[in-house]
Amino acid sequence: TRSLTITSVDQSMFEKAQGEKVTLPCTFELSEEDEGPLDIEWVLIPADNQKREQIIIMYAVDRIYNHYYAAMTGRMQFTNLDPKSGDGSLDILNLKAADTGTYQCKVKKAPGVQSKKIQLTVLVKPARTKCSIEGSQEIGKDVTLKCVSQEGSPLLSYDWRRVSGTQNLPATSMLNKNTGELLLKNASREYSGTYNCVASNRVGTDECSVELNVTPPINTAGIITGAIIGTLLGLSVLCSIIFCFCKKHREKKYEKEVHHDIREDVPPPKSRSSTARSYIGSNRSSLGSMSPSNMEGYTKTPYSQVPSEDFERAPAQTPAFAPSKVAAPNLSRMGAVPVMIPAQSKDGSIV
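Just so you know, these numbers come straight off a predicted model, no measurement behind them.

A. Fine view of a nonpolar patch on the surface. Taken together, the side chains of Ile 224, Ile 228, Leu 232, Leu 235, Leu 238 and Ile 242 make up a nonpolar region of the molecular surface, amounting to roughly 570 Å² of accessible area. Mapping Ile 242 onto the fold places it in helix 1 (residues 220–260).

Written as structure tokens, this is what we have:
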């Protein structure tokens, strides 16, 4: 007895790159004994057996239903617009890494039921590959060239080649294709040049380049000495600036204090009249302390010549002083020597 049969049994595994398109085949033949409506289902079988199958797209009663799986909405369709013609193949557009999985095509027409599983692997091409140099680029040192792809499905493989000068890698080089590291031992000046790394997997390649410049060792002692000297000079200049600033600030502060300082212990200046009175009083005090023998020099000097306002009058206006007799006190009891006190006569002489 002849029954429904799926004819596409040749290929059951597909590998595609991300962003590409894949067609999962599912062709079939119907039997004359099969009756009832035709149903075609595509389901995604999860890797975890505890989870249920997810219907992706379905054809039933001459109608297509493609709203079951939101992750593929707008990216899947039947290859043939009329699946009942015997072609229930599925097209998946713009593949993503998450589309990797096991897909099953089920064809039902009572009483016949047939299915087929297909394994799809979506690989990501190597992308955003970066090259770098690790270690000192000095003669005699070990240098490591590194190559890493930020994107890409395993298994990634890395290969280095020299693109400047002799294209062969140095004899002391050691390459790790899995990690992308190229070790150059005991580097010499001849190792300088441009190196290119190619990252690859089964669906694509990506590459990057790096420039290696091997130089003589740097005189670190001289650099350290120069740095120390420069630091000391900088500190000395900074200290000088701070000292000058502080000195100038103190000078300004002192000038300001002197300018605004009011000396309370200094008496106010005397007027001319008070100066004259003081002058006369001092002369009288000195005359009173003199003996009669020392009075000759003072008798010849009239009081009218004293620089005072009270005595700067005309001779006619000078008042006449009556001779006065001053009685000397009894100083013997006081233990002091008697002193003659001069008096002024009418003609202005001292008596």
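B. Focus on the sheet that holds strand 3 (residues 22–24). Read across the open sheet, the 3 strands follow the order 3-9-8; overall the sheet is antiparallel. Both outer strands of the open sheet, strand 3 and strand 8 (76–78), are each paired with one neighbouring strand and no more. The sheet shows a mean angle of 25° between the axes of neighbouring strands, direction not considered. Two strands pair when backbone bridges link them, and strand 8 and strand 9 (residues 90–92) are joined in this way by 3 bridges, in the antiparallel orientation. Residue pairing in the sheet places Met 76 in a bridge with Ile 92 of strand 9.

C. Highlighting the nonpolar core. Counting residues in hydrophobic clusters, the biggest one holds 27 residues, and the most contacted among them are Leu 24, Trp 42, Ile 56, Ile 92, Tyr 103, Val 107 and Leu 120. Elements supplying a minimum of two residues to this core: strand 3, strand 5 (39–45), strand 6 (54–60), strand 8, strand 9, strand 10 (101–109) and strand 11 (112–123). Residue contacts for Ile 56: discarding those within four places in its chain leaves Trp 42, Val 43, Leu 44, Tyr 65, Asn 66, Tyr 68, Tyr 69, Met 72, Met 76 and Tyr 103. Of all hydrophobic cores here, the second largest spans 18 residues; its members include Val 143, Trp 160, Ala 187 and Cys 197.

D. Here's a closer look at the state of the cysteines. Overall, the coordinates contain 3 disulfides when judged by the stated rule. Here Cys 26 engages in a disulfide with Cys 105; their sulfurs sit 1.9 Å apart. A torsion of -70° about the S-S bond marks the disulfide between Cys 26 and Cys 105 as left-handed. Placement of Cys 26 in the loop between strand 3 and strand 4 (28–29) and of Cys 105 in strand 10 is noted, with a sequence separation of 79 residues between them.

E. Quick peek at the UniProt feature "transmembrane region" (unreviewed entry) in the protein. Mapped onto the present numbering, the UniProt feature "transmembrane region" (unreviewed entry) falls on residues 223–246. Secondary structure content for residues 223–246 is 100% helix and 0% strand, while the C-alpha to C-alpha distance between its ends is 34 Å.

F. Spotlight on the sheet that holds strand 11. On the basis of which strands lie adjacent, the open sheet formed by 6 strands has the order 2-11-10-5-6-7 and mixed pairing. The open sheet has two edge strands, strand 2 (13–17) and strand 7 (63–65), and neither has a second partner. Adjacent strand axes in the sheet meet at a mean angle of 20° when their direction is disregarded. When strand 2 meets strand 11, the two strands line up parallel, connected through 5 bridges.

G. Quick peek at the environment of Ala 70. Checked against the element boundaries, Ala 70 lands in the loop between strand 7 and strand 8. Look at Ala 70 and you get exposed, because its relative accessible area is 67%. Counting along the chain gives 14 residues from Ala 70 to Ile 56, while the straight-line C-alpha distance between them is 8.6 Å.

H. Focus on the pairing of strand 14 (residues 157–162). Residues Tyr 158, Trp 160 and Arg 162 point to one face of strand 14 and are all buried, whereas Ser 157, Asp 159 and Arg 161, pointing to the other face, are not buried. With 6 bridges connecting them, strand 14 and strand 17 (residues 193–201) associate as antiparallel partners. Paired with Ser 157 across the two strands is Ser 200, which belongs to strand 17.

I. Quick look at the pairing of strand 6. Of all 7 residues in strand 6, 5 are buried; the element is thus mostly enclosed. Bridge analysis of strand 5 against strand 6 gives 6 bridges, and the strand direction is antiparallel. By the bridge assignment for strand 6, Ile 40 is matched with Tyr 59. Across 3 bridges, strand 6 lies against strand 7 in antiparallel orientation. The partner of Met 58 across the bridge, within strand 7, is Tyr 65. Between strand 6 and strand 7, which pair antiparallel one after the other, the connecting turn spans 2 residues, and Val 61 there sits at a positive phi close to 50°.

Conventions and cut-offs
Residues numbered from 1 in each chain as written. Predicted model: local features only at pLDDT ≥ 70, side-chain atom pairs only at ≥ 80, totals over all residues. Heavy atoms only, no water. Patch = residues over 30% accessible without salt bridge, like charges linked within 9 Å, V, L, I, M, F, W, Y side chains within 5 Å. Areas by Shrake-Rupley, 256 points an atom, 1.4 Å probe, with all protein chains shown as cover. Salt bridge = Lys/Arg side-chain N within 4 Å of Asp/Glu carboxyl O. Helix = DSSP H or I, 4+ residues; strand = E, 2+ residues; numbered from the N terminus. Pairing = 2+ DSSP bridges. Axes fitted to C-alpha atoms, helices over the stretch in contact; angles between N-to-C directions. Core = buried A, V, L, I, M, F, W, Y, C linked by side-chain atoms within 4.5 Å. Buried < 20%, exposed > 50% of the residue type's maximum accessible area, 1.4 Å probe, protein only. Contact = heavy atoms within 4.5 Å. Disulfide = S-S within 2.5 Å. UniProt positions renumbered as here; feature names shortened; annotations may be inferred.

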